[in-house]
Amino acid sequence: MPVTKLLIANRGEIACRIMRTCREIDIPTVAVYSDSDRGSMHVRLAIESVPIGPTPARESYLRVDKLIEACRKTGADAVHPGYGFLAEDPGAVRKIQEAGITWLGPSADVLDLMDNKIAARDLARSVGCPVLPGIQETLNDEDLLDEARKLGYPLMVKPVLGRDGKGMRLVKTAGDLRRALPRVKGEAIFSFWDERVYLEKALIHPRYLEVQIAGDVFGNVVHLWERDGSVQRRFQQICEEAPAPGISPELRQTLCRQAVAIAKAVGYVGIGTVEFLLDGEGNYYFLEMTCRIQGGHAVTEWITGQDLVKWQIEIAQGKPLPLTQEQIPLWGHAIQCRINAEDPDRDFAPSSGKIQYLRSPQGHNMRNDSGVYFGWELSPFYAPLLAKVSTWGQNRTEAVQRMHSALMEFRLGGVRNNVAFFRLLLEHKAFLQGDLHTGILDHAWWKKRKIGPNLKFVVAAALFDELEMEERRAQQPRVNPEGEASPAAWKSVAKFNRI
Amino acid sequence: MKRTLVIADETHELEIRRRRGITVMTWDGEEIPLDICKVERASYSIILNDLSVGVNLDRIRNPDPDLHGFRGTTYDGVYEFTLQDPRKILLAEAMARSKRSECSLIRALMPGKVLKLLVAPGEAVEEGQPLLILEAMKMQNEYTAPTAARVAQVHVEEGVNLEIHAPMITLEALEADGTPKP
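The present account deals with the structure reproduced in this document. As the structure is a computational prediction, the values presented were derived from the model and not from experiment.

Residues and elements named next belong to chain A. In spatial order, the strands read β6-β9-β7-β8; together these four strands make up an open sheet with antiparallel pairing. Looking at the sheet topology across the chains shown, the edges are occupied by β6 (134-135) and β8 (169-171). Bridge count between β6 and strand β9 (residues 197-201): two bridges; the pairing is antiparallel. From the neighbouring strand, Gly134 faces β9, where its bridge partner is Glu200.

Here's what the structure looks like:
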């Protein structure tokens, strides 16, 4: 299948990252954008760009018809979905492929299967991979509560057609479950047009590991080692590293082998991620499969030296995988922090606004996948991801130190962000010891911080700013609240000039 | 110009003056000469006692317009604090007294769309009962009643888009026996 001109059906940081690879291998790129994204970084980096509608994603980035039209207009013969938006929507894949356009991702049939979390669980079981005990049958609420009691709490309630952690809820008692059911169903209908839910036994503070896999049209499947994405808030990862710290080589091999077996069982073509949960005793359970490029792919690229977007393009072109399993190295350690416009002190509430100041980190073995620039106005309509900073080191300590240093350099003004929070995370004892689990951010331990030694300097700057503002205000001519010179002022001028 | 600084649980009385080209800061009565220079937008170099530190300064929105919120970043971390004109503190205290009256107004904390309205005017609500769901930043945010109360007024409809701080619901406090306060 041809990939000679690529349309990127996404925005922000991931669209920029895909375009960089395309530029490297001489594939022209087409950006699409919504009204509020006209000046966005991804539009400025693309060779051509096409406006596709109003700001809300449902009217622009999720409109398959407009994407196909944009392909026709520009002559693009392939679409890269990035992550989020249409990336795992089988209906979109069918429509795009019917239009004769290459889709950089797995087939619609694979997406159909993996989108249904119950089918995915059954598939994993069929290749001998353990899954968490759960309730998969569609039951009415009362029967579900009965079954839940037999299974025992705590439980996770999840939408059957869910992804990206949306709608998931942890319930600890029958009362919790009773309250959670309508909410999870409501959110599932809202996001996925389907109200089926299933229950899964919840592990207390599990680790979250994902294995990167890649498959080609010839049926070859390889893994590119695992990532640890345990540091999560709202069931979404914000910090990931590879390889997972403190994992025995045997467990690593087992997980990677299971991931390859699952991908082979569905005839996976493209790159994807098989996700596992790990309990305290070293038991692992299949969770789900993510059929797209992931936000954490940079750490895998660091430790293997590969460019996963380039792999995606070559796989879509029908070429065999560039490397065999034996040729894929594992070098050192890499870590990535997702810089979001959000406030860790206020329950990670997203922030929006204009970027008033931006100093990006630089340095040795450091990568900054950014989608913003100084002066860019952040829209509240999209995910508040600003940049992904990743570093590589010979070992975990070096990678973490390098990241800490990069974050000290990173200055971002105008929007609330989590740069300072990540610095505290990298100083957190449990994190440094590699004692990772999904509950690491449950208690806001980072809030208890002392006032630093440079308070007087900072306050002096603020005080000076206030003084200058006051002086500016004093110099401004007196105006009435409507913003026009008051008639009284005019009268006195007229009187003075004898008009 | 006087300001009251509040950071974490500390409070300091400050003053800044320009005298014959020299800027002086007074920190709880102690006079400190300041050498300060704006290096670029939102970025300052400050010399105190012959030691220079770079500060990135950001004004942050505060729901109370008299509290000027700041976030300053230096090499060692972030400082978040507020400066307030001490003259306005007296005023603010008076305002707070009047606010502590029987009505409370639920405002939108983020701009967004009202997805679902769960209460009607006149309805009694329990503490923590969901009032409405506001969709903002791709998330559904549930607003709950801070105390047991009666819904006095609903200012929004389902499906409307709201600005930040837009009033949504007015609650009326209840007496212990469940009747509205006179």
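Another point: unusual backbone geometry. Residue and element names in this part refer to chain A. Of the consecutive residues Tyr153 and Pro154, the connecting peptide bond is found in the cis state with omega at -5°. Along the chain, Pro154 falls in the loop between α7 (141-151) and β7 (155-159). The amide bond that connects Ala242 to the next residue, Pro243, takes the cis arrangement and shows omega of -10°. Inspection of the secondary structure assignment puts Pro243 in the loop between β12 (236-242) and α9 (249-266). For Phe235, which is not glycine, the phi dihedral falls at a positive 60°. In this structure Phe235 comes out as partly exposed when scored by C-beta crowding, with 16 C-beta atoms within 10 Å.

Residue and element names in this part refer to chain B. Judged from the five bridges that link them, strand β6 (residues 51-60) and strand β7 (residues 67-74) form a sheet pairing that is antiparallel. The partner of Asp58 across the bridge, within β7, is Arg71. Connecting β6 to the antiparallel partner β7 that follows it, the hairpin turn spans six residues.

Bringing the interface of chain B and chain A into the picture now. Facing the 42 residues of chain B at the interface are 31 residues of chain A. Elements represented by at least two residues in the side of chain B that touches chain A include exactly β1 (2-7), β2 (10-19), β3 (22-27), β4 (30-40), β5 (43-48), β6, β7 and β8 (77-84) of chain B.

All names here are of chain A. Within the secondary structure, Pro28 sits in the loop between α1 (12-24) and β2 (29-33). Owing to 17 C-beta atoms within 10 Å, Pro28 belongs among the partly exposed residues under this scheme. Separated by 335 residues in the primary sequence, Pro28 and Gly363 have C-alpha atoms spaced 29 Å apart. Ignoring anything within four residues of it in the chain, the contact list for Pro28 reads Lys5 and Ile47.

Hydrogen bonds between backbone atoms are what pair the strands of a sheet, whose relative direction is either parallel or antiparallel. Residues and elements named next belong to chain B. Judged by pairing direction, the sheet is antiparallel, and its four strands sit side by side in the order β13-β12-β10-β15 without closing on themselves. Every other strand in the sheet has two partners, leaving β13 (139-144) and β15 (161-162) as the edge strands with one partner each. Bridging between strand β10 (residues 112-117) and strand β12 (residues 130-136) involves four bridges; their strand directions are antiparallel. From the neighbouring strand, Lys116 faces β12, where its bridge partner is Ile133.

Moving on: α9(A). Residue and element names in this part refer to chain A. Under the 1.5 Å per step criterion, the end-to-end length of α9 is 26 Å for 18 residues, consistent within 8% with the ideal 26 Å. Buried within α9 are the following residues: Leu255, Cys256, Gln258, Ala259, Val260, Ile262, Ala263 and Val266. The secondary structure elements touched by the buried residues of α9 are α5 (108-115), α6 (117-126), β10 (207-215), β11 (221-233), β13 (270-278) and β14 (284-290). After α9 finishes, the residue Gly267 shows a positive phi value of roughly 65°.

Parameters and conventions
Residues numbered from 1 in each chain as written. Chains lettered and ligands numbered in written order. Predicted model: local features only at pLDDT ≥ 70, side-chain atom pairs only at ≥ 80, totals over all residues. Pairing = 2+ DSSP bridges. Helix = DSSP H or I, 4+ residues; strand = E, 2+ residues; numbered from the N terminus. Buried ≥ 20, exposed ≤ 12 C-beta atoms within 10 Å, placed from the backbone. Contact = placed C-beta atoms within 7 Å. Expected span 1.5 Å × (residues − 1).

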